[in-house]
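A closer look at the structure
Here is how the chains run, residue by residue.
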Amino acid sequence: AGPSSAPAAEPQVPVDCVRANELCAGEAACSARYRTLRQCLAGRDRNTMLANKECQAALEVLQGSPLSECRCKRGMKKELQCLQIYWSIHLGLAEGEEFYEASPYEPVTSRLSDIFRLASIFSGTDPASASRSNQCLDAAKACNLNDNCKRLRSGYISTCSRELPAAERCSRRKCHKALRQFFDRVPGEFTYRLLFCSCRDAACAERRRQTIVPACSYEDKEKPNCLELRGLCRADHLCRSRLADFHANCPAALRAPGGCPGDNFQACLGSYAGLIGECRALPRAAGPCRRPRCPPATRAGFDVTPNYVDASPGGGVLAPWCSCKGSGNREKECENFLRDFTANPCLRNAIQAFGNGTDGTPSVKSPLLPATAPSPKPERSPVLPDGDSDTLYGTSVITTCTSVQ
């Protein structure tokens, strides 16, 4: 048979879950079944729920409703409400404790965006001057020329780097909130340059590592177990959603030329950025114990926020603050979760593609391995000053222009 002359049907845009919930509420049968399912999921595991015939019937009816196919838009006005509705259905549809979950967000279909086009301008500078430049410092200066970027960046630096007595620690909850506002409200052409700037020396790499203020938002006295971290993350709708989105757009084991689905590096970088400062893994303590001096078990702070683990130039190794110590017979599962960050070709190639200014398959595909002898870390300060001087990290490279303007 010859090719069909009928035009190909365009993919339907899924209804967002807030709207799907409104449509369901307008139908008596759907509304009643949805209330039943919500009651079934309260305090029960999936097997117990499915053993109840009324719960099973409610789930079967809702599978044919707009709720079963609904998705959420990143950064939408009612994002958290949308995600709560999504998981209220899909926690019942999930087959047990799946290692990877489908993303509740609409798929990213665009590829070559303005973000990558701008990166190509920066990467196309004179090679002689580029070899001496600190792209992370240039990214900070570019941010300071934008009022919104400068205001929100100064806000999270102030919150996350506030000087405290030696006996106290920073408020990680407030720091994560400020970071979340920065990465959610500032355009990607500024945030991506700060997160994924290309570095040729340790001073630049240390500035890149300090972008999310690791002393407050990332590091802690002890590393939690990675599986415990994932379990706590999944208890929070927003954290669970961002983690599922990262796994969907940055799969570590996909056999593709660029490592990413459809070589869509923009989707991977966006999902990675969505993890930063997002997840409140532990509930807020009851009563007056809400200050930073509270014991770690009673305050938010253990989450999956990833970061560069050291100041190594080049691509660097990224990981959440966790280890697989104490995993018992689940050690392999734990190591697989950690490798989704530390040995992820999709994420590595996406960062390299951004540094090259191309949203296509990069020429460099060598495996990312940690350095056998890591270079000593430069002296670092917990504060990134608004002046953004390169002298902060003790490098001899000094920018000749004091103002980009």
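One structure accompanies this document, and this report is about it. (Residues numbered from 1 in each chain as written. Predicted model: local features only at pLDDT ≥ 70, side-chain atom pairs only at ≥ 80, totals over all residues. Heavy atoms only, no water.)

1. What about the overall build of the protein chain?
Scanning the protein chain from N- to C-terminus turns up 18 helices and 2 strands. Taking all 405 residues of the protein chain together, 47% fall into the buried category. Contacts in the protein chain between residues far apart in sequence, at least 24 positions, make up 74% of those at least 6 positions apart. Element-wise, carbon and sulfur atoms account for 52% of the exposed surface of the protein chain, whose accessible area totals about 20,500 Å². (Helix = DSSP H or I, 4+ residues; strand = E, 2+ residues; numbered from the N terminus. Buried < 20%, exposed > 50% of the residue type's maximum accessible area, 1.4 Å probe, protein only. Contact = heavy atoms within 4.5 Å. Areas by Shrake-Rupley, 256 points an atom, 1.4 Å probe, with all protein chains shown as cover.)

2. With respect to the state of the cysteines
Applying the stated criterion to the full structure yields 14 disulfides. Residue cysteine 233 pairs covalently with cysteine 239 via a disulfide, S to S 2.0 Å. Here cysteine 233 and cysteine 239 share a disulfide; its torsion about the S-S bond, -110°, makes the bridge left-handed. Cysteine 239 gets classed as buried once you look at its relative accessible area, which sits at 0%. Residue pairing for cysteine 260: its cysteine sulfur links by disulfide to cysteine 346, the two sulfurs lying 1.9 Å apart. One quick way to see it: the torsion about the S-S bond of cysteine 260 and cysteine 346 is about 105°, and its sign makes the bridge right-handed. You can see cysteine 260 sitting in the loop between helix H15 (237-249) and helix H16 (265-275) and its partner cysteine 346 sitting in helix H18 (residues 345-356), a full 86 residues away along the chain. The buried category is assigned to cysteine 260, whose relative accessible area is 0%. (Disulfide = S-S within 2.5 Å.)

3. Overview of unusual backbone geometry
Look at valine 213: it is not a glycine, yet its phi comes out positive at around 50°. Here valine 213 shows up in the loop between helix H12 (202-209) and helix H13 (214-217). Residue classification places valine 213 among the buried positions, given a relative accessible area of 2%. Of note, aspartate 263 is a non-glycine position whose phi angle comes to about 50°, a positive value. Structurally, aspartate 263 is set in the loop between H15 and H16.

4. Here we look at the packing of aromatic side chains
Throughout the structure, instances matching the rule amount to 12 aromatic pairs. Consider the rings of phenylalanine 196 and tyrosine 272, whose centres lie 5.8 Å apart with planes at 55°: the pair is tilted. With a gap of 76 residues between them, phenylalanine 196 in helix H11 (residues 188-196) and tyrosine 272 in helix H16 connect regions that are remote in the sequence. Pair check on accessibility: phenylalanine 196 and tyrosine 272 agree, each one buried. Each ring, one from tyrosine 218 and one from tryptophan 321, has its centre 5.4 Å from the other, and the planes form 70°; the classification is edge-to-face. Here tryptophan 321 lies in the loop between strand S2 (318-320) and helix H17 (331-342) and tyrosine 218 lies in the loop between H13 and helix H14 (226-234), a separation of 103 residues in the sequence. According to the relative accessible area criterion, tyrosine 218 is buried, its value standing at 4%. (Phe/Tyr/Trp six-rings, centres within 6.5 Å; stacked < 30°, edge-to-face > 60°.)

5. Focus on the pattern of salt bridges
Counting across every chain of the model gives 11 salt bridges. Where arginine 234 meets glutamate 101, a salt bridge forms, and the shortest distance between an N and an O atom there is 3.8 Å. Here the residue arginine 234 occupies a position in helix H14, and glutamate 101 occupies one in the loop between helix H5 (79-93) and helix H6 (114-123), the gap between them amounting to 133 residues. Residue classification places arginine 234 among the buried residues on the basis of a relative accessible area of 10%. According to the relative accessible area criterion, glutamate 101 is buried, its value standing at 11%. Note that glutamate 219 is salt-bridged to arginine 209, the shortest N-O span being 3.3 Å. Taken as a pair, glutamate 219 in the loop between H13 and H14 and arginine 209 in helix H12 lie far apart in primary sequence, 10 residues in all. The two residues glutamate 219 and arginine 209 agree in class, both being buried. A cluster of three or more residues bridged by salt bridges with shared partners is formed by Glu101, Arg234 and Arg240. (Salt bridge = Lys/Arg side-chain N within 4 Å of Asp/Glu carboxyl O.)

6. Describing the layout of surface pockets
In this model, the second largest pocket occupies a volume close to 500 Å³. Forming the walls of the second largest pocket are 19 residues, and the residues nearest its centre are Arg74, Phe183, Tyr192, Gly270 and Ser271. Within the residue set of the lining of the second largest pocket, elements represented by two or more residues are helix H10 (172-185), H11, H15 and H16. For the lining of the second largest pocket, the leading source of residues is H16, giving 6 residues. (1 Å grid on protein atoms, 1.4 Å probe; cavity = no way out; pocket = protein on both sides within 12 Å on 5 of 7 lines; lining within 4 Å. Points joined across faces, edges and corners; volume = space filled by probe spheres on them.)

7. Topic: the nonpolar core
By size, the foremost hydrophobic cluster in this structure holds 57 residues, and its most contacted members are Tyr156, Phe182 and Phe196. Contacts of tyrosine 156, omitting those with residues within four sequence positions, involve Ala178, Leu179, Phe182, Thr211 and Val213. Ranked by size, the runner-up nonpolar core spans 25 residues in total, among them Met49, Cys72, Cys82 and Trp87. (Core = buried A, V, L, I, M, F, W, Y, C linked by side-chain atoms within 4.5 Å.)

Just geometry here; none of it tells us what the structure is for.
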